[in-house]
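# Overview (structure and organization)
Residues per chain, in single letters:
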Amino acid sequence: FVGRNNMLLVNPISTSSELIAGQGQAFLAQPSLNQQAEKAFDFARSLSVQRKVAIYYGTARKDSLLAAAYQAVARRNGFQVVDMKKVSTSAQVMA
């Protein structure tokens, strides 16, 4: 419907870039998981020359998807992932 009527489509809920792939007039209101990971590593590169990261994530499905995106971006950018774990308790356990 949107494509046939030359309208914009804004998805306010999803963070999946697959939903808008190939649709020039479709947008996500929130950044995709891959975009979030890319920007996080852009920031990490600006802070340190060390190329080692640890990725800790929660029990929600979105957490594991974001962690996988972070891992892929880290490796693609020459970072070594030294630890990657799902955590289900308080953040104090990681310290």
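Above this text you will find the structure in question.
Residues numbered from 1 in each chain as written. Predicted model: local features only at pLDDT ≥ 70, side-chain atom pairs only at ≥ 80, totals over all residues. Heavy atoms only, no water.

Below, the discussion takes up the layout of surface pockets. Computed from the structure, the largest pocket encloses a volume of approximately 180 Å³. Lining the largest pocket, in full, are Thr15, Ser16, Ser17, Glu18, Ser32, Leu33, Asn34, Leu65 and Ala69. Within the residue set of the lining of the largest pocket, elements represented by two or more residues are helix H1 (33–47) and helix H2 (61–76). (1 Å grid on protein atoms, 1.4 Å probe; cavity = no way out; pocket = protein on both sides within 12 Å on 5 of 7 lines; lining within 4 Å. Points joined across faces, edges and corners; volume = space filled by probe spheres on them. Helix = DSSP H or I, 4+ residues; strand = E, 2+ residues; numbered from the N terminus.)

Helix packing for two helices is described by the angle between their axes and how far apart those axes are. Where H1 contacts H2, the axes come no closer than 9 Å and their chain directions differ by 50°. Our classification of the angle between H1 and H2 gives oblique. For the crossing formed where H1 meets H2, the hand is right-handed. Facing Leu33, Asn34, Gln36, Ala37, Glu38, Ala40 and Phe41 of H1, the residues of H2 in contact are Lys62, Leu65, Leu66, Ala69, Tyr70, Val73, Ala74 and Arg76. (Axes fitted to C-alpha atoms, helices over the stretch in contact; angles between N-to-C directions. Parallel < 35°, antiparallel > 145°, perpendicular 65-115°, else oblique. Left-handed = near helix turned anticlockwise from the far one by under 90°. Contact = heavy atoms within 4.5 Å.)

Going residue by residue along strand E3 (residues 52–57), you find Val53, Ile55 and Tyr57 tucked away on one face and Lys52, Ala54 and Tyr56 left uncovered on the opposite face. Two strands pair when backbone bridges link them, and E3 and strand E4 (residues 80–86) are joined in this way by 6 bridges, in the parallel orientation. Note on E4: the bridge partner recorded for Lys52 is Gln80. (Buried < 20%, exposed > 50% of the residue type's maximum accessible area, 1.4 Å probe, protein only. Pairing = 2+ DSSP bridges.)

The terminal C-alpha atoms of H1, which comprises 15 residues, lie 21 Å apart, in line with the 21 Å expected from a rise of 1.5 Å per residue. Listed as buried for H1 are Leu33, Ala37 and Phe41. Each buried residue of H1 lies within a common arc of 65° when the element is viewed along its axis, so the set occupies one face. Turned more than 90 degrees from where H1 packs its buried face, Phe43 and Ser46 sit exposed. Against the buried residues of H1 lie E3 and H2. (Expected span 1.5 Å × (residues − 1). Arc of directions from axis to C-beta.)

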